[in-house]
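For reference, the chains in residue letters:
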Amino acid sequence: MSLQQLGLAGPLASARAWLENTHIAGRSLWWYLTGWRLGLIFLLVAVVLPSLLDQTLVTSAISIFIYALLALGLNIVVGYAGLLDLGYVAFFVIGSYTVAVGTGGILQDAHDNPLTIPTYPFWLLLPLAAVLAGVFGVLLGAPTLRLRGDYLAIVTLGFGEIVPIVFQNLPFFFGNIGMSALPPADVGPITFSDPLNATPFYFLTLIVLVLVILAVTALRDSSLGRAWIAIREDETAAAAAGVNLVRTKLLAFSMGAVVGGIGGALNAAFVTTIAPSDFNFGISITILIMIVLGGIGSIPGVILGAALLRFFDVYLLGTVSNNLEGIPAVATFLAGHDINTAKLLIYGLILIVMILLRPQGLIPDRRRSRELKGIGAAPEDTSAVGLLALEEAGISSVGESAADETTYAGTGSDAQGREG
Amino acid sequence: MSLFHLRGEGMLTLATLAAGQPNNIFLQQIENGITLGAVYALVALGYTLVYGIIELINFAHGDVFMWSTVVTLAVVQAMGLNAPLSGLALVGILALLIVIGMVVSAVLNVSIERFAYRPLRKAPRLAPLIAAIGASFILENVAELWRGAGFVSFPTIFPLGGYHLFGVQINYLDIFIVIIAVALMYGLNLFIRRTKMGKAMRATAQDPEAAALMGVNINRTISTTFVIGGALAGAAGVIYNMYIGEVWFFTGFQLGLIAFTAAVLGGIGNIYGAVLGGFVIGLVQALAIQFFPGGNGIAWSDATVFAILVIILVVRPSGLLGQQVPDKV
């Protein structure tokens, strides 16, 4: 499914040539549309968007932002460090319940009697949720990160299942009924509790999202980020080059957890009622699909993946199924089936199709797509000096597999061309 | 779609059965655990065989098992069976169901290998695992579209009743389940030890490249492994249907995780380990349901299994019977 096969290569190339040859203020249009400039354009669009959209779409946008946040957090674990975390929802739950417990101020004792506890403002609980999720990330990660990657996948999956069960079975948290959370307190004239105006909350999530984007970008380019990528590409070589595997993985795992906790806190304040049944394996997988769809390890890719899936989920699926219900055949089908099932089926297909045909995702991460092509393809951009040293150290051990890996890369050949 | 606490519905029969007995509850739960463990062991074998040969957690394996339960239910419904059978009809129908279940699961498992895993054999480790999750989602949701989101009850076709020994009710069905499971395991053992293909499987598990150099057809060997793993899961699906009596599209996810835990407990890659792990997990779960502190055993039974998984992986990742193998570079 390359661009050539789709007949798009020609038009795309000429469009790009036009962009590169048209200059404004000494820079080509292409320059303005790439890198951080593009991020800035998107940010400007995001800032003016709420004044153009109706409130339903603003609400959809908030949930897109929250999921983009979660996807960026999971991307630290899966995309950078190459660890498969299938229970990311656990940190989302911890963050959500932190805010619900802290703002609600009421729990249950073992005999179902109400138990009043002091309440705290959301602004204090948001960092607390991040810290708590991070602590649980360390507690889970410390024993399990010594294991091979695929064991980690199963242990995290189990953790993701246990955490909601614990909140459901312990007497304090109202079991299946779940809990209510309060929206954040007003800041000056800005009020977050108006159900008819979601715009303040939109900007709150946007600000948090931008901060997280800046943080993960800085992390990726730090020495820690290069150590993560080294571990992802070849654990043995990274260890030989002096990377402390367990500590480095633990940092990835707990930082991913921190972001998950923040996402959970925002989510609880946004939806205001949470129940254990809202949190399941489907959410962990949905976030993983966002990453695989957008591009494992790629920050813009992951955000795009979150936006596409969330838009599909919240807006398109609702609107389309409502409109189609006018057609009798569709209505009878929908009456007997849950539209959610069809959605999850499509998610499964997306996962398989992407991983088979375009494993680097819609917006590939440069280094990651080289990795998918095998190390045989010589790196052009060797600015990451630390990594280069690691690659040299590992070259003897990975050399034998390089020849085979190029065969896998065949399908992804258009990525390099597009990035130039 | 809240998942794990619903599992209790099927398990409830186990607990109430035991609670209703005036006799030895502890021994009764041991008996229940052995029967349940036989099912877990059959499914765990599929995980361990595949992991042993290509080092992949076949995430879709539980759903391959589930498809056997769904298809055999459809067969039973199409034949209009809704009462316990006897004599030749019983033998014939059981044989038919087990064959159908085994074929369905084997075909599904080997097709997934062919289309989702084989193209990714040289890809980074995460890739086939993600493909497996995708396959699992597809299998689950197609089953849900077909049979709906709820539980569908599987008619009682096996004769009721049994023996009462030492304060323990041993149903005919339980005996049948254990006999079928043990026979299949024995057959698998013979196949792996005595046949040429079994030898090829062992060789491929040890070193695929060297095996290929010795003339082993790697693709065929891996496909055979998936066929065998699928067939065992298919047989497990049929006996699970008769034992639990409820069919649900999500059964495979839960049972798959439990069976995977069993495989890890025994030492993944080791077929004796998978059998041992299956029985141990079955026993632990049956006892946890009855004796969990605080009395809410059903709600906590899955959490107990996962806690065991985490503890084994931390304390002895190679499992009870596994060997500590260093990572291949």
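Position labels on residues start from 1 in each chain and follow its written sequence. Each chain takes a letter, starting from A, and each ligand takes a number, starting from 1, following the order in which they are written. Local features in this predicted model are restricted to residues of pLDDT 70 or higher, and side-chain atom pairs are both shown and tallied only at a pLDDT of 80 or more, whereas totals for entire chains, interfaces and linings draw on every residue. Side-chain calculation: all heavy atoms of the structure are included, whereas hydrogens and water are not.

### As for the confidence of the model for chain B
All names here are of chain B.
Turning to step 1, where the next piece is worked out: For every residue, the pLDDT score states the predictor's confidence, bounded by 0 at the bottom and 100 at the top. Considering every residue of chain B, the mean pLDDT works out to 84; 89% of them sit at 70 or more.
Turning to step 2, where the next piece is worked out: Here residues 1-12 is modelled with pLDDT under 50, and outside its nearest four sequence neighbours on either side it reaches 38 contacts, counting other chains as well.
Turning to step 3, where the next piece is worked out: Across the assembled chains, the prediction reports ipTM 0.77 with pTM 0.79. Contacts are assigned to residue pairs with any non-hydrogen atoms lying within 4.5 Å of each other.

### Topic: unusual backbone geometry
All names here are of chain B.
Turning to step 1, where the next piece is worked out: The phi dihedral of E55 is positive, around 55°, even though this residue is not glycine.
Turning to step 2, where the next piece is worked out: Within the secondary structure, E55 is located in the loop between α2 (25-54) and α3 (61-78).
Turning to step 3, where the next piece is worked out: Exposure classes here rest on a 1.4 Å probe applied to the protein chains alone. A residue is buried below 20% of its type maximum, exposed above 50%, and partly exposed in between. The class for E55 is partly exposed, based on a relative accessible area of 29%.
Turning to step 4, where the next piece is worked out: In the Ramachandran plot, F166 falls in the positive-phi region, its phi being about 50° despite a non-glycine side chain.
Turning to step 5, where the next piece is worked out: We count a stretch as a helix when DSSP gives it H or I for four or more residues in a row; a strand needs E for two or more, and each element gets its number in order from the N terminus. Structurally, the position occupied by F166 is in the loop between β2 (162-165) and β3 (168-171).

### Comments concerning a nonpolar patch on the surface
Residue and element names in this part refer to chain B.
Turning to step 1, where the next piece is worked out: In this scheme, patches are assembled from residues that exceed 30% relative accessible area and form no salt bridge. Like charges are connected within 9 Å, while nonpolar side chains (Val, Leu, Ile, Met, Phe, Trp, Tyr) are connected within 5 Å. Here the accessible surface of atoms and residues is derived via Shrake-Rupley with a 1.4 Å probe, and residues count as covered only by protein chains that are part of the display. Here, a salt bridge means any Lys or Arg side-chain nitrogen found within 4 Å of an Asp or Glu carboxyl oxygen. Where nonpolar side chains cluster on the molecular surface, the patch consists of F26, L27, Y163, L165, F166, Y172 and F291 and spans about 750 Å² of accessible area.
Turning to step 2, where the next piece is worked out: Broken down by secondary-structure element, the contributors of at least two residues to the nonpolar patch are α2 and β2.
Turning to step 3, where the next piece is worked out: Looking at where Y172 falls in the secondary structure, it is placed in helix α6 (residues 172-194).

### A few points about a positive patch on the surface
All names here are of chain B.
Turning to step 1, where the next piece is worked out: The sign given to each residue is positive for Lys and Arg and negative for Asp and Glu; His and the chain ends receive no count. By convention, charge coordinates are those of NZ in Lys, CZ in Arg, CG in Asp, or CD in Glu. A contiguous patch of positive charge on the surface is contributed by R193, R194, K196, K199 and R202.
Turning to step 2, where the next piece is worked out: Mapped by element, the contributors of at least two residues to the positive patch are α6 and α7 (196-206).
Turning to step 3, where the next piece is worked out: Ranked by residue count, the leading element in the positive patch is α7, at three residues.
Turning to step 4, where the next piece is worked out: Structurally, R194 is set in helix α6.

### Quick look at the confidence of the model for chain A
Turning to step 1, where the next piece is worked out: Per-residue pLDDT for chain A averages 78, and the proportion of residues at 70 or more is 79%.
Turning to step 2, where the next piece is worked out: Predicted confidence for residues 375-420 of chain A stays below pLDDT 50, and this span has 69 contacts to residues more than four positions away or in other chains.

### Overview of the environment of P159 of chain B
Residue and element names in this part refer to chain B.
Turning to step 1, where the next piece is worked out: Structurally, the position occupied by P159 is in the loop between β1 (152-153) and β2.
Turning to step 2, where the next piece is worked out: The class for P159 is partly exposed, based on a relative accessible area of 26%.
Turning to step 3, where the next piece is worked out: C-alpha of P159 to C-alpha of L90: the two residues are 69 residues apart in sequence and 8.7 Å apart in space.
Turning to step 4, where the next piece is worked out: Leaving out residues up to four positions away in the same chain, P159 has contacts with P84, L85, L90 and Y172.

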